[in-house]
Amino acid sequence: MKRSLIAIQDFSVEELQELMDTANDIIANPSGYSELCRGKKIATLFFEPSTRTRLSFEAAMLELGGAVIGFSEAQSSSAAKGESVADTAKVISCYADIIAMRHPKEGAPLVAAMNASIPVINAGDGGHNHPTQTLADLLTIYREKGRLGNLTVGICGDLKFGRTVHSLIAALSRYEGIRFVLISPEELKLPSYVKKEILKANNIPYVQTTDLEAVMPELDILYMTRVQRERFFNEEDYLRLKDSYILTPERLYNAKKDLCIMHPLPRVNEISVAIDDDPRACYFKQVLYGKYMRMALILKLLKEAGTL
Amino acid sequence: MNIDSIQNGIVIDHITAGQGMRLYELLGLETLDCSVAIIKNAHSEKLGKKDIIKIDADIPVNLDVIGYVDPGVSVNTIRNGMLAEKRKIDMPETLTNVIFCKNPRCICSTEQELKHIFKLTDRNNKIYRCFYCETKAN
């Protein structure tokens, strides 16, 4: 049966574990997977630019032996002529076996999934969901810490507009012993509905603070985020808040020796390049793990659709 | 104050006082040719005060609108002057084209043919969210 991934909650904890197990097996035995998607095509429909996510999907499909079609901006698609997302999804279903869609409008991949006859993967819809980033995050934590429970997870930066943050919180809230430390300027605090509907509803302990240094010793994970210019209607607000937190080697003086520093990338200046050589810096591994999780995801959805 | 009883039609009863006009508008009753009476602040044993709408025609009414605006309302169908059916209206799980998403970032804002769908996500606090972008209905 055709199935899509629109939000991380679409998958159960068991299914997430299955994806991580597959990804770990791909890492251990890449040649065993290199021909599994021979003759299959992924359509990467990117209505707004995102080089890394698009290339990650394309690399994932190529490493599975499949092929890639698609576009990387709305101007080079029929959307520029006024075609609806629903029609685009129906048309692309005739050409490809699976779709990865990024769109600036929230809910667009869901509309595509409702109209496509092939699986649709949400590759980011505005400030709403970005489930495959969360898949990358989960595998990174799992491989670096050996578990997804019993962790104190610090999330720092833009917690208001950061879609990766909301998805990560939703995903980790399903594991035992998770505690969140939410670090942000007042204006970019986690929205109250996320706190109420995810954290409070699941009795997940959390604290909110503006002081990164004070909470640093507690953290097992430090997830840094970028203040995103494109999410602001007002340029002045962006300029005022963009440099709220900059992680430097000096600021890590009281951090745990096995802290895992993560970032969904791209970074601007919120993590100093001087940290890149620190063994606790995991954000480039996160990119690599993202590709493996996308490979595992493509395989799962194509199998469930009966295409493989 | 007396309003003539109706022979064939609909009586929407136990409306929270003050919500009658809102329901009248959302149900589009101003477009009907038949008699429609809105009784405001009628005495109620249970509520103290209530509004009532009487429609002098057996027409289909959108129960989702009623359940969204004022759950707990009764919708009574009258046939030949007798009560033929009485329904207590609860909050609907889904609203389709009843309310509209105001989030300018939602796909609803650009896909003109898309139905505006809201899902009930918190019954206790009567919270509906857009099916596409999950923005809370006002």
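Treat the numbers as computed from the prediction; the structure is a model and nothing was measured.

Caption draft 1: Seen up close, the overall build of chain A. Across its full length, chain A carries 10 helices and nine strands. A globule of 308 residues ought to have a C-alpha radius of gyration of about 19 Å, and chain A, at 19 Å, matches this closely. Buried positions account for 44% of the 308 residues belonging to chain A. Considering only contacts in chain A between residues 6 or more positions apart, those separated by 24 or more positions represent 76%.

Caption draft 2: Spotlight on the packing of helix H5 (residues 131-145) of chain A against helix H10 (residues 283-304) of chain A. Residue and element names in this part refer to chain A. At their nearest, the axes of H5 and H10 sit 8 Å apart, and the two run at 115° to each other. Judged on the interaxial angle alone, H10 and H5 are roughly perpendicular. As H5 runs across H10, the sense of the crossing is right-handed. Within the contact between the two elements, H5 uses Thr132, Leu135, Ala136, Asp137, Leu139, Thr140 and Arg143 and H10 uses Lys285, Gln286, Tyr289, Gly290, Tyr292, Met293, Arg294 and Leu297. Classifying every residue of the contact of H5 with H10 by side-chain character gives seven nonpolar, four polar and four charged.

Caption draft 3: Quick peek at the sheet that holds strand S1 (residues 9-16) of chain B. Residue and element names in this part refer to chain B. In spatial order, the strands read S2-S3-S1-S4-S5; together these five strands make up an open sheet with antiparallel pairing. On the outer flanks of this sheet lie strand S2 (36-44) and strand S5 (82-88), each paired with one strand and no other. Between one strand axis and the next, the sheet turns by 20° as a mean value, whatever way the strands run. Sheet topology places S1 next to strand S3 (residues 48-55); five bridges connect them, and they run antiparallel. Residue Ile15 lies in a different strand from S3, and its bridge partner there is Asp51.

Caption draft 4: Representation of the interface of chain B and chain A. Each partner contributes to the interface: chain B provides 11 residues, whereas chain A provides 13 residues. Split by residue class, the side of chain B that touches chain A holds five nonpolar, two polar and four charged.

The rules behind these values
- Residues numbered from 1 in each chain as written.
- Chains lettered and ligands numbered in written order.
- Predicted model: local features only at pLDDT ≥ 70, side-chain atom pairs only at ≥ 80, totals over all residues.
- Helix = DSSP H or I, 4+ residues; strand = E, 2+ residues; numbered from the N terminus.
- Rg over C-alpha atoms; globule rule 2.2 N^0.38 Å.
- Buried ≥ 20, exposed ≤ 12 C-beta atoms within 10 Å, placed from the backbone.
- Contact = placed C-beta atoms within 7 Å.
- Axes fitted to C-alpha atoms, helices over the stretch in contact; angles between N-to-C directions.
- Parallel < 35°, antiparallel > 145°, perpendicular 65-115°, else oblique.
- Left-handed = near helix turned anticlockwise from the far one by under 90°.
- Nonpolar A, V, L, I, M, F, W, Y, C, P; charged D, E, K, R; others polar.
- Pairing = 2+ DSSP bridges.

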